[in-house]
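# Architecture at a glance
Here's the letter readout for the chains.
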Amino acid sequence: MTDDHALARDLAGQAGRRLTELRAQGGDPDVLRKAGDRMSHDFLTAALAGRRPDDVVLSEEGADNPARLGARRVWIVDPLDGTREFGEPGRTDWAVHVALWERRDTGDAGDLTAGAVALPAQGQVLSTLDAHDQPAGATAPMRIVVSRSRPPGFVRNISGLLSAELVPLGSAGAKVAAVIRGEVDAYVHGGGFYEWDTAAPVAVARAAGFHASRIDGSALAYNQADLLMPDILVCRPAVAGTLLQAIREVTNAP
């Protein structure tokens, strides 16, 4: 329902403002990072408990509640994505992720239905409420956004095969936002992460008409027993086929 889209957007934005205020106080970067994670987690979980008391919350900073596996509605949140960048003065590539996963009944596999990615240092919130089916145009040459700290080696091989430029950024939310805004053509990652790293960005990207899948083209699944997600591809639909073929070639996949 529309209220869920608005709630995701509003809560991500509010958490982001709180983080911006905390960051402005300065201090030891490690202390700041830990305080930011905890403050945003506490705010989001309390707000969701008040506004959606019957829903389950899965947060990076909280204990995993096994009840989510049988629940109809699960909020998947990353209170501070890009914690490293949050502690580095001047960096804007950190985010707050709020996503909703739903199923219609117990036999339904479920999927993401709402989400928001706040980019507080950039003054922007991208959400499924505001997304439009208007994928951005191509950049030339192709630009692929990758992890600052651990870009997968196969992506370098893809860049060589396609003569693409690699663009390093921090938060997964910031990377997907760069795709949605047309600053890059794709985000490819194969080093593994967790559901909260990508749930909200994927929800927003899909709502805006972008391709989002595993790097072999298979569907991304959320609210799984194993929260580890091996890889991801988010890109303009027009380049999905080219990228999937390049990935197959450099990984020797059938």
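Here goes a summary of the coordinates provided. (Residues numbered from 1 in each chain as written. Predicted model: local features only at pLDDT ≥ 70, side-chain atom pairs only at ≥ 80, totals over all residues. Heavy atoms only, no water.)

Bringing helix 4 (residues 153–162) into the picture now. Inspection of helix 4 places Phe154, Val155, Ile158 and Ser159 among the buried residues, and these make up the whole buried set. For helix 4, the angular spread of buried residues about the axis comes to 150°, placing them on one side. On its buried face, helix 4 is in contact with strand 6 (143–147), strand 7 (165–169), strand 8 (186–189) and helix 7 (237–251). Backbone geometry just downstream of helix 4 places serine 163 in the positive-phi region, at approximately 55°. (Buried < 20%, exposed > 50% of the residue type's maximum accessible area, 1.4 Å probe, protein only. Helix = DSSP H or I, 4+ residues; strand = E, 2+ residues; numbered from the N terminus. Arc of directions from axis to C-beta. Contact = heavy atoms within 4.5 Å.)

When you line up the elements, leucine 126 lands in strand 5 (residues 124–127). In sequence terms leucine 126 and alanine 140 are 14 residues apart; their C-alpha atoms lie 25 Å from each other. Excluding anything up to four places from it in sequence, leucine 126 contacts Gly115, Ala116, Val117, Ala177, Ile180 and Val204.

Roughly 360 Å³ of internal volume is contained in the largest pocket. What lines the largest pocket is a set of 21 residues, and nearest its centre among them are Asp81, Gly82, Arg150, Gly170 and Asp197. Looking at the lining of the largest pocket residue by residue, the classes come out as five nonpolar, seven polar and nine charged. (1 Å grid on protein atoms, 1.4 Å probe; cavity = no way out; pocket = protein on both sides within 12 Å on 5 of 7 lines; lining within 4 Å. Points joined across faces, edges and corners; volume = space filled by probe spheres on them. Nonpolar A, V, L, I, M, F, W, Y, C, P; charged D, E, K, R; others polar.)

In this section: the sheet that holds strand 6. Spatially, 7-6-8-12-10 is the arrangement adopted by the five strands of the open sheet, whose pairing is mixed. Single-partner strands in this sheet number two, and they are strand 7 and strand 10 (211–213). In this sheet, adjacent strand axes meet at a mean angle of 20° when their direction is disregarded. Note that strand 6 and strand 8 share two bridges and pair parallel. From the neighbouring strand, valine 145 faces strand 8, where its bridge partner is tyrosine 187. Helix-sheet contacts for helix 5 (residues 172–180) involve strand 6, strand 7, strand 8 and strand 12 (232–235), and the interaxial angle to strand 8 is about 145°. (Pairing = 2+ DSSP bridges. Axes fitted to C-alpha atoms, helices over the stretch in contact; angles between N-to-C directions.)

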